[in-house]
Amino acid sequence: MPIITQETIKKIEQLSLLNLDRNYSISVLKAAIIFTEHLRNTKIDNEIKSMYSPLEEKSIFLRNDNVENNISKQEILKNAAILEEEYFITPLQTISKTQ
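Analysis parameters
Residues numbered from 1 in each chain as written. Predicted model: local features only at pLDDT ≥ 70, side-chain atom pairs only at ≥ 80, totals over all residues. Heavy atoms only, no water. Helix = DSSP H or I, 4+ residues; strand = E, 2+ residues; numbered from the N terminus. Buried < 20%, exposed > 50% of the residue type's maximum accessible area, 1.4 Å probe, protein only. Areas by Shrake-Rupley, 256 points an atom, 1.4 Å probe, with all protein chains shown as cover. Salt bridge = Lys/Arg side-chain N within 4 Å of Asp/Glu carboxyl O. pLDDT = per-residue confidence, 0-100. Patch = residues over 30% accessible without salt bridge, like charges linked within 9 Å, V, L, I, M, F, W, Y side chains within 5 Å.

Colleague: Got a minute to help me understand the overall build of the chain in this structure?
Modeller: Helices and strands together make up the secondary structure of the chain, namely 3 helices and 4 strands. Going residue by residue from the N terminus, the α and β elements of the chain occur as α-β-α-α-β-β-β. Split into buried and exposed, the 99 residues of the chain put 8% on the buried side. As displayed, the chain has an accessible area near 9,800 Å², and 55% of this comes from carbon and sulfur atoms.

Written out as structure tokens, the structure reads:
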């Protein structure tokens, strides 16, 4: 069973800018670590080739990107709560999970 300390949870909260419920966070992290440990310890036959896409046998057609200038930069910047020199500023404090 992986050991996850309160300090680890606090650091993850700081990095993600989220305020997480401690008990729930620990249970989710433990489950994720256990899952990835199973993947890491899985024996894979050398005959299996790595894939770039799960649909390698089929052609995947991408749409064309068409640039449309139908909104101005100023209109986009109106959506920002905080601006600094025409850049969006994110909050530095943690955000509650309920928000």
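Colleague: What is the right way to look at the pattern of salt bridges in this model?
Modeller: Opposite charge on two side chains permits them to pair, given that their charged atoms come into close proximity. Overall, the coordinates contain 3 salt bridges when judged by the stated rule. One salt bridge in this structure joins arginine 63 and aspartate 65, with 2.8 Å as the shortest N-O distance. On the basis of relative accessible area, arginine 63 is assigned to the exposed category, the value being 67%.

Colleague: Sorry if this is basic, but what is going on with unusual backbone geometry here?
Modeller: Trans is the common state for peptide bonds, and a negative phi is the common state for residues other than glycine. Here the phi dihedral of glutamate 85 falls at roughly 50°; this positive angle occurs in a residue that is not glycine. Among the secondary structure elements, glutamate 85 is positioned in the loop between β2 (83-84) and β3 (87-88). Positive phi outside glycine occurs at glutamate 86, with the angle close to 65°. Tracing the chain through its elements places glutamate 86 in the loop between β2 and β3. Classification of glutamate 86 by relative accessible area gives partly exposed; the value is 45%.

Colleague: It is not clear to me how the environment of glutamine 74 should be interpreted in this structure. Could you clarify?
Modeller: With respect to the element layout, glutamine 74 can be found in helix α3 (residues 73-77). Given the relative accessible area of 49%, glutamine 74 is considered partly exposed. In sequence terms glutamine 74 and glutamate 86 are 12 residues apart; their C-alpha atoms lie 8.8 Å from each other.

Colleague: Even after reading the chapter, I still don't get the confidence of the model for the chain, so can you show me in this structure?
Modeller: If pLDDT is low for a region, its predicted coordinates should not be looked at in detail. Per-residue confidence for the chain gives a mean pLDDT of 77; residues scoring 70 or more make up 88%. Averaged over each element, pLDDT in the chain is lowest for strand β4 (residues 95-96) (52) and highest for α3 (86).

Colleague: I keep staring at a nonpolar patch on the surface and nothing clicks. Help me out?
Modeller: Taken together, the side chains of Ile71, Ile76, Leu83 and Phe88 define a hydrophobic patch exposed on the protein surface, amounting to about 360 Å² of accessible area. With respect to the helices and strands, the residue phenylalanine 88 is situated in strand β3. For phenylalanine 88, a relative accessible area of 46% puts it in the partly exposed group.

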